[in-house]
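Read off the chains here:
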Amino acid sequence: MLKNFWYAIEFSHAVERRPRKVTCLGQDFVVWRRRGGQVSVLSDLCVHRGGALSMGTLAGDDRIACPYHGWEYEPDGTCVKIPANPPGRGIPKKARVDAYPAVERYGLVWAYLGDLPEERRPPMPHFPEHDDPAFRAVYWETTIEANYERTMENVVDAAHTPFVHGTSFGNPDKPEIPDFEVTQGEWQAEADILLSPPPPKGLWSLLRSGPRPEHVVVTNGWYLPNIVKLHVRLPFGDLILYDHNIPLSQGRTQVKIVGYRNFFTGKWADGNAIKRIAKIFEQDRPVVESQRPELLPFDLSAELHLRSDALQVAYRRRRQQLIDQGWWVGGDDLVMGDVPRRQATVIASPARRDNPELARAWVHKSRGTDSTNGTGHPTGNAGGAGGAAAEAAGDLRGEHS
Ligand code: FES
Ligand SMILES: [Fe+2]
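Below, the structure is looked at part by part. (Residues numbered from 1 in each chain as written. Chains lettered and ligands numbered in written order. Predicted model: local features only at pLDDT ≥ 70, side-chain atom pairs only at ≥ 80, totals over all residues.)

## A word on the overall build of the chain
Looking only at helices and strands, the chain has 7 helices and 20 strands in total. Across the 401 residues that make up the chain, the buried fraction comes to 40%. In the chain, the share of contacts with a sequence separation of at least 24, taken over all contacts with a separation of at least 6, comes to 60%. (Helix = DSSP H or I, 4+ residues; strand = E, 2+ residues; numbered from the N terminus. Buried ≥ 20, exposed ≤ 12 C-beta atoms within 10 Å, placed from the backbone. Contact = placed C-beta atoms within 7 Å.)

Here is the structure:
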């Protein structure tokens, strides 16, 4: 799991005033909408006794009150009220939780899960279809009992379509994948791949005109840290899916899909589009859940790769660079949920660097190894926060060696 990226953590339409728990990178967060409409994202763990802030209530304009002893936190994570304290007693500086920068884009709430200052954060991907009036979006989500990198790789893997999807998407009579070029940038990669299409069925067959083409060009791609794109050029229009593979834990993933189409753009056809997306996904589910090892190997030679696996190989190589850079959180040895743990750890937020005087005083230790100075070399004590982060990470060290 990679920290220091923007993650889409929830659909915008699902976030209301009421605090709500979301999970990503194996950590719980509370998200709520402020009076002015902006969204806020905090670590869900109260620093007092670990109450879940998502079970709390809103207080004042924009504060969240812990359900246990009523401590009130501002959206920036500072505690401003401790009801048990007699009047006049100060609030400890350490009474604060991590707050994560949050924005809304493409119908999703995104949170920056890391502590890098703005100028060093990787960009959010660009989805041009969202603002193009020719396209209409549908939203669908599901949870799968598989590691998020397995579900990600599945989508950019063109060679499985004739076998897993039969005639609903692939063409079992034409399973060859002609060689393709991967275009890669720092944060994404994609490739145009020729697939033999099956005949359209159901509602969409109404749009069919002329003879069936020999091939359709499918664009497959990934955007770090967890998004995959599938662009299918059908004879009658474009279908573009962006899948957000949200790691709930090592072995569970929530997949949120935004699907754009520029045909049948009426609301009446939304249900049909969602049904098709869900049907394809349900064909993938049993295969992806069956993959072993459950977690994607770190060693490239642990599995056999073909030319048609070029996008996955590009992903694994890029991921290794980021691991070497210290951006990996949670390895094989990090067990979530079913083992009692005495230490609460959270992803370090930017405030840890902004408050050097608090560097060693954060109540919740930061998870993962230290961030880097951008050169790929761990800094050890960058910005004051690094030292504490590195110390706290001691129990996770060596997880990917
Ligand atoms: S646990 Fe949150 S106020 Fe006590
Ligand atoms: Fe698939």
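## Thoughts on the sheet that holds strand β7 (residues 72-73)
Pairing is antiparallel in the open sheet, where 4 strands are placed in the order β5-β6-β7-β8. Pairing within the sheet leaves two strands with one partner each, and these edge strands are β5 (57-59) and β8 (79-81). Sheet analysis places β5 next to strand β6 (residues 63-65), joined by 3 bridges and oriented antiparallel. Looking at the pairing, Ala59 lines up with Arg63 of β6. (Pairing = 2+ DSSP bridges.)

## Some details on the environment of Val216
Mapped onto the elements, Val216 comes out in strand β15 (residues 216-223). Take Val216: there are 17 C-beta atoms within 10 Å of it, and that puts it in the partly exposed class. A C-alpha to C-alpha distance of 5.7 Å links Val216 and Leu194, two positions 22 residues apart in sequence. Ignoring any residue separated from it by four or fewer positions in sequence, one finds Val216 in contact with Leu195, Pro197, Val232, Arg233 and Leu234.

## Re helix α4 (residues 270-290)
Helix length check: α4 (21 residues) gives 31 Å between terminal C-alpha atoms against 30 Å at 1.5 Å per residue, within 8%. Buried residues of α4: Ala273, Arg276, Ile277, Phe281, Asp284 and Val288, and no others. Its buried side turned inward, α4 meets β12 (136-144), α1 (148-156), α2 (161-164), β17 (237-249) and β18 (252-261). (Expected span 1.5 Å × (residues − 1).)

## Some points on the sheet that holds strand β10 (residues 102-105)
Pairing is antiparallel in the open sheet, where 3 strands are placed in the order β1-β11-β10. The open sheet has two free edges, formed respectively by β1 (5-11) and β10, since each of these has just one partner strand. Neighbour-to-neighbour, the strand axes of the sheet open up by a mean angle of 35°, direction not taken into account. (Axes fitted to C-alpha atoms, helices over the stretch in contact; angles between N-to-C directions.)

## Some details on the nonpolar core
Formed by 84 residues in total, the largest nonpolar core has its most connected members in Tyr7, Ile9, Val31, Val109 and Ala111. Not counting residues within four places of it along the chain, the set of residues in contact with Tyr7 comprises Cys24, Trp110, Ala111, Leu113, Pro225, Asn226 and Ile246. (Core = buried A, V, L, I, M, F, W, Y, C linked by C-beta atoms within 7 Å.)

## Looking at the pairing of β10
Pairing between β10 and strand β11 (residues 108-113): 4 bridges, direction antiparallel. What sits directly across from Arg105, in β11, is Leu108. Between β10 and β11, which pair antiparallel and follow one another directly, the connecting turn spans 2 residues, one of which, Tyr106, has a positive phi of 60°.

## A word on unusual backbone geometry
It is generally the case that most residues other than glycine have a negative phi and that most peptide bonds are trans. Residues Leu224 and Pro225 are joined by a peptide bond in cis, for which omega reads 5°. Secondary-structure assignment places Pro225 in the loop between β15 and β16 (227-234). Omega for the peptide link from Arg292 to Pro293 comes to -5°, which places this bond in the cis form. Tracing the backbone shows Pro293 in the loop between α4 and α5 (310-324). Even without being a glycine, Leu25 presents a positive backbone phi close to 55°. Within the element layout of this structure, Leu25 appears in the loop between β2 (20-24) and β3 (27-33). What makes Leu25 buried here is the crowd of 27 C-beta atoms within 10 Å. Of note in the backbone geometry, Tyr106 takes a positive phi value of approximately 60° without being a glycine.

## Notes on α5
In this model α5 runs 21 Å from its N-terminal to its C-terminal C-alpha over 15 residues, within 8% of the 21 Å that 1.5 Å per residue would give. Among the residues making up α5, those that are buried are Ala310, Leu311, Gln312, Ala314, Tyr315 and Arg316. On its buried face, α5 sits against α1, β13 (183-184), β14 (188-195) and β15. At the C-terminal side of α5, Gly326 shows a positive phi close to 90°.

Remember, this is a structural readout, not a statement about activity or role.
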